[in-house]
Every structure is written in structure tokens, then in C-alpha cells.
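Spelled out from the first residue to the last, the chains are:
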Amino acid sequence: MIEDNRWEGVYSFEDSPYLMEILTELRSKETENVRFRKDLVKLGRYMGYEFTKTMEFKKVKIETPLESTEGIASGDRDHVYIITVLRVAIPLMEGLIKTLEHSRVGIVSASRGKAPDFNIEMSYIKVPHMREDDTVIVCDPMIATGSTLLKTVSEIKKCGIPKRIVIIGVLAAPEGITALKEELPDVEIYVTKIDRELNDKGYILPGLGDAGDRAFGEPINISMLPLMHNLE
Ligand SMILES: O=P(O)(O)OC[C@H]1O[C@H](OP(=O)(O)OP(=O)(O)O)[C@H](O)[C@@H]1O
Ligand SMILES: O=c1cc[nH]c(=O)[nH]1
Ligand SMILES: [Mg+2]
């Protein structure tokens, strides 16, 4: 894990060849849905493990069958609260809870409108109670313009003041990180890699394309449904 010197509290995992290999597979247009989702689960599991290095643990005394010794037990790890941003955070969250298995999980929906406004529509928010010793992890693989996460974190902050608010994702554009850090300087950001830039449609370059579609397939336009039924 390395801190990026352009911002405070922004980390990437470019020093991990294992994660860079998974990222390479995610980027490739040859990688199909099933492989893509499995890669996100693998990534989440490893990022969760790396993230525990930033957490506080308790010292404990225990008895082995032979003598007394000291060890450590979950401290912060018992108080994790994950917010999953639909759709594509689902497999990343599945990986995270393999290492952060006591996590309480909230689900929010967020749909990004078209350029240049990128308005966020958030119609579903179901989140557990927040406590002051919680580490809140907002899980969303892509930080592009940052609009989705700005909206999500602002909504979450209405539920209380946790110990930490952390974003865990796969790729970020510098533009998105700057927007987030301007509004939410205390939020920590952990991504596999920070990419070069955004294109004029708000896609990360070189990126991996539309992450939701890569994982779950391209959705149909619901307004077309009645028309399609008439054709049957
Ligand atoms: O930083 P931003 O510019 O807000 O863009 C990032 C958002 O785009 C993707 O979601 P998308 O809206 O495509 O939803 P999906 O997962 O349902 O496809 C991604 O999962 C982020 O939530
Ligand atoms: O590159 C991008 C930007 C936003 N959302 C995606 O899925 N991909
Ligand atoms: Mg999408």
C-alpha cells in the first residue's frame, strides 16, 4: 500500500504484483462477466486484508496448552459498517466481508446521469444504525467524477459521526479524488490504482469500461419494455 503524494489519506496498491495482475485481467476487454465478478471478489478479499493493517487491535492474554502468552484480538475489526453502492460494488463487498466478517452492511442505489452534469439519482437507501466506534467503508469500484460517492457519503453522514469514513474501490481518476477531497477532506481513499484521466463522457482512462455492465451485462432501457411486449 502506498500513499499518493498529491493528496492526504489517498492510498493505492500499485506495489502489489498480485493485485496488479487481477487489475490487468479486469481491464482486458477479453474478460467476460463471470471472470470479472470473480476478480472483484478476489480483489475485495485482499484489499480487506491489507486494510486491517490500518486498524487498531486489542492486546489479550491467553493460555496455550503449555503456558501463558500474549496475543491480539479484534478491536476495530468488530465494528465495521460497509455501504455497498449498487450495482457493481456487490462482488467487491462479497470479497471484503471474507476478511471483515463481522461487518454490518447497508445498501444504497445510485445512478449517474449523463455528461456534463452527472446528476446522481439515489432512490434506495437501507443502512443499519451507525455507532461512534464504527469504521464505515463505502465500497464502490469506480471513482470517476466522484459524484456518486459525494452523494453517498453526504447521505451517510446524516446517520451519525463514525470513527472513520473510508472509500475502498478499484480505479480512481485524479479528477474524482480531487472533488472528493475538496468536499470531504477527512475521508480516506484506498484504490488498487489511480488512473490517468477522465474522457468527456466521464469514463476513466485507461480504465476498464462500464464496470456495472462488465460485471452484470448491459441493462435494457425500461421505457422500451411495453414496446418489446407488443412485438411478441
Ligand atoms: O464517480 P462517478 O462519476 O459518480 O462514477 C462512478 C459510478 O459509476 C459506476 O456506477 P454506474 O452509475 O455506472 O451504475 P451501475 O453500477 O449500476 O452500472 C460506478 O460503480 C460508480 O458508482
Ligand atoms: O470509467 C467508468 C466511470 C464510471 N463508471 C464506470 O463504470 N466506469
Ligand atoms: Mg454503469
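Thresholds applied
- Residue numbers restart at each chain and count upward from 1, following the sequence in its written direction.
- Labels are handed out in written order, letters beginning with A for the chains and numbers beginning with 1 for the ligands.
- Local features in a predicted model are, by the rule used here, given only for residues with pLDDT of at least 70; side-chain atom pairs are given and counted only at 80 or more, and totals for whole chains, interfaces and linings are based on all residues.
- Only DSSP runs of H or I reaching four residues or more are called helices, and only runs of E reaching two or more are called strands; each is numbered from the N terminus.
- When we talk radius of gyration, it's over C-alpha atoms, and the globule rule is simply 2.2 Å times the number of residues to the 0.38.
- Partly exposed residues are those whose C-beta has more than 12 but fewer than 20 other C-beta atoms within 10 Å; 20 or more makes a residue buried and 12 or fewer makes it exposed, with C-beta atoms placed from the backbone.
- Each residue is represented by a C-beta atom placed from its backbone, and any two residues with such atoms within 7 Å are regarded as in contact.
- Fitted lines through C-alpha atoms give the axes, limited to the stretch in contact for helices. The angle between two N-to-C directions lies from 0 to 180 degrees.
- Any angle that is under 35 degrees is reported as roughly parallel, and any over 145 degrees as roughly antiparallel; angles of 65 to 115 degrees are reported as roughly perpendicular and all others as oblique.
- Left-handed describes a crossing whose near helix is turned anticlockwise from the far helix through less than a right angle; right-handed describes the clockwise counterpart.
- The nonpolar class holds Ala, Val, Leu, Ile, Met, Phe, Trp, Tyr, Cys and Pro. Asp, Glu, Lys and Arg form the charged class, and all remaining residues, Gly among them, are polar.
- Being near a molecule or strand means, for a residue, that its C-beta atom, positioned from the backbone, comes within 6 Å of it.
- A set of buried Ala, Val, Leu, Ile, Met, Phe, Trp, Tyr and Cys residues, joined through C-beta atoms within 7 Å, is what we mean by a nonpolar core.
- Note: pLDDT gives the predictor's confidence per residue, expressed from 0 to 100.
- UniProt positions are given in the numbering used here, feature names are shortened, and annotations may be inferred rather than shown by experiment.

## Remarks on the overall build of the chain
Point 1. Of regular secondary structure, the chain possesses seven helices and 15 strands.
Point 2. Computed over the C-alpha atoms, the radius of gyration of the chain is 19 Å, within 12% of the 17 Å expected from 2.2 N^0.38 for a compact globule of 232 residues.
Point 3. Classification of the 232 residues of the chain by burial places 35% in the buried group.
Point 4. In the chain, of all internal contacts separated by at least 6 residues, the share reaching a separation of at least 24 is 62%.

## Points about the packing of helix H1 (residues 17-27) against helix H2 (residues 33-51)
For any two helices packed against each other, one specifies the inter-axial angle together with the distance between the axes.
Point 1. Contact geometry of H1 with H2 gives a least axis separation of 10 Å together with a crossing angle of 155 degrees. Our classification of the angle between H1 and H2 gives roughly antiparallel. The way H1 lies across H2 gives a crossing that is left-handed. Together, Tyr18, Leu19, Ile22, Glu25 and Leu26 of H1 and Arg35, Phe36, Asp39, Lys42, Leu43 and Tyr46 of H2 make up the contact between the two elements.
Point 2. Counted by class, the contact of H1 with H2 contains seven nonpolar, no polar and four charged residues.

## Description of the site of ligand 2
Point 1. Around ligand 2, the surrounding shell consists of Met142, Ala144, Gly202, Tyr203, Ile204, Gly207, Asp210, Ala211 and Gly212.
Point 2. Here the shell around ligand 2 is built from residues that sort into five nonpolar, three polar and one charged.

## Describing the nonpolar core
Point 1. Formed by 55 residues in total, the largest nonpolar core has its most connected members in Val138, Cys139 and Ile189.
Point 2. If one sorts the elements of this core by residue count, strand E12 (residues 164-172) sits on top with seven residues.
Point 3. With sequence-adjacent residues up to four places away left out, Val138 is seen in contact with Ile83, Val85, Leu149, Thr152, Val153, Ile156, Ile165 and Ile167.

## What about the site of ligand 1?
Point 1. Taken together, 22 residues surround ligand 1, and among them Arg112, Ala144, Thr145, Thr148 and Gly212 come closest.
Point 2. Within the residue set of the shell around ligand 1, elements represented by two or more residues are strand E5 (80-86), strand E7 (111-112), strand E11 (142-143), helix H4 (147-157) and helix H6 (211-216).
Point 3. Here the residues of the shell around ligand 1 are counted per class, giving 10 nonpolar, eight polar and four charged.

## Topic: the confidence of the model for the chain
Point 1. When pLDDT is averaged along the chain, the result is 94, and 96% of the positions lie at 70 or above.
Point 2. Model confidence for the complex: the whole-complex pTM is 0.93, and ipTM, which rates the interface, is 0.96.

## Looking at the packing of H2 against helix H3 (residues 89-99)
Point 1. Across the interface, H2 lies against H3 with an axial gap of 6 Å and an inter-helix angle of 35 degrees. Remark: the crossing between H2 and H3 carries right-handed chirality. Residues Arg37, Leu40, Val41, Lys42, Leu43, Gly44, Arg45, Met47, Gly48 and Tyr49 of H2 touch H3, and the partners they reach there are Pro91, Leu92, Met93, Glu94, Gly95, Leu96, Lys98 and Thr99.
Point 2. Class assignment for the residues of the contact of H2 with H3 results in nine nonpolar, four polar and five charged.

## Quick word on the UniProt feature "binding site: uracil" (unreviewed entry) in the chain
Point 1. UniProt records the feature "binding site: uracil" (unreviewed entry) for Ile204, Gly209, Asp210 and Ala211 in the present numbering.
Point 2. Within the secondary structure layout, Asp210 lies in the loop between strand E15 (204-205) and H6.
Point 3. With respect to the helices and strands, Ala211 occurs in helix H6.
Point 4. Its 25 C-beta neighbours within 10 Å are what place Ala211 among the buried residues.
Point 5. Among residues more than four places away in sequence, those in contact with Ala211 are Val88, Pro141 and Met142.

## Digging into unusual backbone geometry
Note: most peptide bonds trans; most residues except glycine with negative phi.
Point 1. Geometrically, the link from Leu86 to Arg87 is a cis peptide bond, its omega value of -5 degrees lying close to zero.
Point 2. Locating Arg87 in the fold gives a position in the loop between E5 and H3.
Point 3. A cis geometry characterises the amide bond from Leu205 onward to Pro206, with omega recorded as 0 degrees.
Point 4. Structurally, Pro206 can be placed in the loop between E15 and H6.
Point 5. Here Phe118, not a glycine, exhibits a phi torsion of approximately 50 degrees, which is positive.
Point 6. Assignment of secondary structure puts Phe118 in the loop between E7 and strand E8 (120-121).
Point 7. Given 15 C-beta atoms within 10 Å, Phe118 falls into the partly exposed group.

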